[in-house]
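Chain by chain, the residues run as shown.
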Amino acid sequence: MASLARARTALPRTRKIAPFVRTLQTAADSTQLHQDASHSEPFSVKLHEDSFRGYKTDAPSLDLEVTKDGLLKMYKQMALMRRMEQAADSLYRQKLIRGFCHLTIGQEAISVGMEQALTRQDNIISSYRTHPFAVLRGGTVVSLLGELLGRQCGISKGKGGSMHVFTESFQGGHGIVGAQVPLGAGLAFAAKYQEKPVATYTMYGDGASNQGQVFEAFNMAKLWNLPCVFVCENNKYGMGTSAERSSSNTEYYTRGDKIPGIQANGMDILAVVKAVQHTKDWVVSGNGPILLEFVTYRYGGHSMSDPGTTYRTREEVQRMRSTQDPIRGLQRYLEEWGLASEEELKRFDKDAKAQVDQAVEEAKASPLPEDNELWTDIYNKGSEPSYIRGREREEGHHF
Amino acid sequence: MSRAAFTRIAPALAHARAGPAAALRRAALARSYATQSEQTVTVRDALNSALEEEMLRDDRVFVIGEEVARYNGAYKVTKGLMDKFGEKRVVDTPITEMGFAGLATGAAFAGLRPVCEFMTFNFAMQAIDQIVNSAAKTHYMSGGGVTCPIVFRGPNGAAAGVAAQHSQDYAAWYGSIPGLKVVSPWSAEDCKGLLKAAIRDPNPVVFLENEMMYGVSFPMSEEAMSDNFILPIGKCKVEREGSDVTIVAHSLMVTRSLDAADELAKEGIKAEVINLRSIRPLDIDTIKKSIQKTNRLVIVEGGFPAFGVGSEICAQVIESEAFDYLDAPVERVTGADVPTPYAINLEARAFPDGPVIAKVAKRALYRTN
């Protein structure tokens with residue numbers, strides 16, 4: 001995927017370049033007002049002409065209707081998610097979080113933009129870089145951080161950890177790379193079976209995209225016309241292997257064979273919202289599955305144990321942070337369109353920090369799970385075996 | 001690729017694929033468990049009626065797998081279901097084990113009750129990550145938030161003449177996974193009552209059938225014929241009472257153990273034969289009670305010897321008070337520790353039969369003549 005590295009200024013545009021070879025641009029702040037911004041009414045904006053590309057389908061239109069409230073809400077949510085992930089980073093460094101911990105810093109526009117465009121009846125299922133989804137779709141910052149700390153207040157009672165977080169409308173949180181993709185096709189299968197007009201967003205990364213079962217799921221979804229949006233979050237690296245080194249075709253939105261695809265700028269939250277509105281309409285209108293590739297970037301390493309600098313340059317990371325940050329992009333819209341002052345936005349940032357700081361304290365104050373929790377939730381209540389064995393024969397648990 | 005070979009390319013192998021016909025022939029040769037007074041039903045028909053009854057009872061139940069609909073099932077277990085319930089509820093998949101096992105698991109997360117058929121459990125190895133990591137563990141990892149009511153079923157264990165890749169018993173594999181229930185039925189009654197229980201169970205259940213048993217007829221009581229006949233998962237059944245030696249077996253090996261018990265009876269030895277029915281949970285209490293009566297234990301299985309079902313039963317027995325009741329070392333009769341050979345004479349030496357079980361039972365009784 002060359003699009004991100006080349007960025008918006010890289011390609012000289014001449015008339016000779018046909019539209020289909022134009023490169024997606026990933027600026028976070030290239031959307032323009034289409035009419036004056038309103039403080040009370042919805043108003044329309046125009047996305048940059050290179051925000052999307054389509055495969056076997058037209059790209060979404062560039063017009064998007066937004067509201068001041070909606071934009072402010074997304075700003076606050078993105079600020080909160082970044083603060084939360086920074087807190088997780090810090091807790092990990094203090095050795096309070098165990099095991100693996102994968103952060104979404106840099107990719108906030110995707111979770112927040114998706115949440116803005118979807119309802120709680122829609123499904124989202126993803127892999128292990130998913131903290132924001134759990135919070136945005138029914139959890140709380142305390143329950144998320146509590147889970148990372150392995151405490152009673154955790155969203156999975158402290159039994160799942162960072163990679164395994166779930167809510168009613170977010171079906172995880174799965175630790176085996178690629179395995180969630182057939183699971184997501186199954187959620188869509190169930191929606192179709194039950195005739196529910198909902199969309200299922202099945203998410204995976206550029207690394208997981210090469211798993212065989214991803215293509216198995218694509219095939220069945222197209223064969224059975226399942227209302228499933230397969231979302232590739234292309235953050236350029238699967239662990240330390242760049243997309244170019246893992247994938248013979250790095251245009252992930254074209255890898256569905258007969259399934260159409262959309263590539264979207266994953267750094268401009270307004271492009272994310274538009275892409276999600278477009279794909280949701282697509283699947284709930286009975287058009288079958290569609291692929292959606294968000295081109296994005298993770299600022300940190302793959303997980304906390306990866307400094308993230310051995311396979312890419314510090315300059316590359318720094319350039320992305322300083323030029324294409326999704327939060328700064330939305331900040332710029334709000335300021336330039338006269339919807340919020342710098343002071344107001346700073347206050348939101350402070351509020352987010354205060355909320356996360358308090359959540360950290362609450363989560364830390366939550367006790368470890370009761371010893372008895374070892375034995376529960378293996379089987380559904382009332383259907384357990386009469387006895388579950390512990391480490392030796394006298395240590396088990398009788399139901 | 002065996003699948004292609006079975007149907008299209010290699011006529012020589014066709015008999016292996018023609019499982020039902022072959023099984024029917026074997027059934028004709030096999031002993032009949034029917035008595036004159038009761039209705040008899042084949043294992044295949046018992047499974048079929050369990051599926052039909054549960055699909056009638058609950059419209060969330062659907063069957064998904066390769067060749068389950070239009071072909072009526074590779075072994076005809078799903079025969080007629082598509083005609084009765086339509087292709088919405090009897091879903092033919094591509095040859096995509098990992099994909100459709102995952103898809104079915106996702107559908108279970110979303111509130112459906114899938115019955116996911118593997119043409120054989122040998123092919124389920126392609127999908128074992130979805131069974132173990134996705135289906136079995138998600139309830140726990142979500143702190144009880146996500147449930148996964150799914151049945152993975154299909155023929156398991158050695159069949160006849162299909163060699164190493166198609167002859168393997170996975171009871172021990174799935175039996176070791178917390179979060180799964182694992183059932184290995186033997187008779188028609190077992191199959192009906194346990195499959196219905198598995199479908200109604202709110203947890204993921206691995207249901208291990210046996211191809212060689214599909215065509216075998218068993219008597220079915222009025223009670224077992226009824227729509228509400230359910231057997232509890234986690235309980236074994238004493239198929240034959242005896243006082244001299246306990247023989248514990250599951251699936252096809254129950255037949256072989258009953259053969260052995262007949263032989264032993266001719267020498268005045270009363271063997272108690274326990275049909276395990278459920279691998280996980282394991283009904284160790286019934287086994288221990290039997291040992292307290294017979295003081296001897298022989299475990300029979302079709303799986304490989306190492307780290308097997310027999311190993312686990314043996315370990316649990318000697319860890320328990322039942323150890324004090326043993327008058328002889330616990331004996332295991334298992335599949336040989338070799339990849340299943342094709343040649344008929346070698347294959348015969350690779351799996352337990354009546355004579356070897358009888359021989360071992362006598363050894364447990366210190367009667368080696």
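What counts as what
Residues numbered from 1 in each chain as written. Chains lettered and ligands numbered in written order. Predicted model: local features only at pLDDT ≥ 70, side-chain atom pairs only at ≥ 80, totals over all residues. Heavy atoms only, no water. Salt bridge = Lys/Arg side-chain N within 4 Å of Asp/Glu carboxyl O. Helix = DSSP H or I, 4+ residues; strand = E, 2+ residues; numbered from the N terminus. Buried < 20%, exposed > 50% of the residue type's maximum accessible area, 1.4 Å probe, protein only. Phe/Tyr/Trp six-rings, centres within 6.5 Å; stacked < 30°, edge-to-face > 60°. Lys NZ or Arg CZ within 6 Å of the ring centre and 35° of its normal. Domains from an automatic or database assignment. Contact = heavy atoms within 4.5 Å. Buried area = accessible area lost by both parts, 1.4 Å probe. Pairing = 2+ DSSP bridges. UniProt positions renumbered as here; feature names shortened; annotations may be inferred. Expected span 1.5 Å × (residues − 1). Disulfide = S-S within 2.5 Å.

## Quick notes on the pattern of salt bridges
Okay, step 1: In this structure the tally under the stated criterion is 39 salt bridges over all chains.
Okay, step 2: The residue Arg332(A) makes a salt bridge to Asp29(A) at a minimum N-O spacing of 2.4 Å. Here Arg332(A), found in helix H11 (residues 326-336), pairs with Asp29(A), found in the loop between helix H1 (3-10) and strand S1 (32-33); they are 303 residues apart in sequence, far enough to count as distant.
Okay, step 3: The salt bridge involving Glu87(B) is made with Arg70(B); its shortest N-O contact spans 3.0 Å. With Glu87(B) in the loop between helix H5 (81-85) and strand S3 (90-92) and Arg70(B) in the loop between strand S2 (61-65) and H5, this pair connects stretches of sequence that are 17 residues apart.
Okay, step 4: Take Arg70(B): its relative accessible area is 60%, and that puts it in the exposed class.
Okay, step 5: What you see here is one network of salt bridges that share partners, running through Glu53(B), Glu54(B), Arg57(B), Lys192(B), Lys196(B) and Arg200(B).

## Topic: the packing of aromatic side chains
Okay, step 1: According to the stated counting rule, one finds 20 aromatic pairs over all chains in the structure shown.
Okay, step 2: Measuring from centroid to centroid gives 5.8 Å for Tyr75(B) and Tyr214(B), while their planes differ by 40°, and the two rings are tilted. Of this pair, Tyr75(B) sits in the loop between S2 and H5 while Tyr214(B) sits in the loop between strand S7 (205-209) and strand S8 (217-220); the two residues are 139 residues apart in sequence, bridging distant segments of the chain. Neither Tyr75(B) nor Tyr214(B) differs from the other in exposure class; each is buried.
Okay, step 3: Geometry around Tyr193(A) places Lys88(B) over its ring, the cationic atom sitting 4.4 Å from the centre.

## A few points about the domain arrangement of chain B
Residues and elements named next belong to chain B.
Okay, step 1: For chain B, the assigned domains read domain 1 (2-225) and domain 2 (237-364).
Okay, step 2: Across the contact, 33 residues belong to domain 1 and 29 residues belong to domain 2.
Okay, step 3: Overall, the association of domain 1 and domain 2 removes approximately 2,300 Å² of surface from exposure, summing both partners, and the carbon and sulfur fraction of that is 54%.
Okay, step 4: Connecting domain 1 to domain 2 are 3 salt bridges.
Okay, step 5: Residue Glu189 is joined to Lys237 by a salt bridge in which the shortest nitrogen-to-oxygen separation is 3.3 Å.

## Here we look at the environment of Ala315(B)
Okay, step 1: Take Ala315(B): it is sitting in helix H14 (residues 309-319).
Okay, step 2: In the structure, Ala315(B) is positioned 15 residues away from Val330(B) in sequence and 9.6 Å away in space, judged by C-alpha atoms.

## Description of the sheet that holds S1(A)
Okay, step 1: Spatially, S1-S2-S4 (chain A) is the arrangement adopted by the 3 strands of the open sheet, whose pairing is antiparallel. What marks the edges here is a single partner per strand, and that holds for S1 and strand S4 (63-66) of chain A.

## With respect to the UniProt feature "domain: Transketolase-like pyrimidine-binding" (unreviewed entry) in chain B
Okay, step 1: The sites that carry the UniProt feature "domain: Transketolase-like pyrimidine-binding" (unreviewed entry) are, in the present numbering, residues 41-216 of chain B.
Okay, step 2: Span residues 41-216 of chain B is 36% helix and 16% strand, its end C-alpha atoms 8 Å apart.

## Looking at helix H12 (residues 252-266) of chain B
Residues and elements named next belong to chain B.
Okay, step 1: Helix length check: H12, at 15 residues, gives a terminal C-alpha distance of 22 Å against a target of 21 Å (1.5 Å per residue), a fit within 8%.
Okay, step 2: Residues of H12 that are buried sit in contact with strand S9 (237-240), strand S10 (245-249), strand S11 (271-275), strand S13 (297-300) and helix H16 (354-364).
Okay, step 3: Downstream of H12 by a residue or two, Gly268 has a phi angle that is positive, lying close to 80°.

## Quick word on the state of the cysteines
Residues and elements named next belong to chain B.
Okay, step 1: Taken as a whole and assessed by the stated rule, the structure comprises 0 disulfides over all chains.
Okay, step 2: Considering cysteine sulfurs only, Cys236 is the nearest to Cys314, which forms no disulfide, with 16 Å between them.
Okay, step 3: Cys314 sits in the buried class, given a relative accessible area of 19%.

## Brief notes about the UniProt feature "domain: Dehydrogenase E1 component" (unreviewed entry) in chain A
Okay, step 1: Per the UniProt annotation, the sites labelled "domain: Dehydrogenase E1 component" (unreviewed entry) are residues 77-369 of chain A.
Okay, step 2: For residues 77-369 of chain A, the helix share is 45%, the strand share is 12%, and the end-to-end C-alpha distance is 29 Å.

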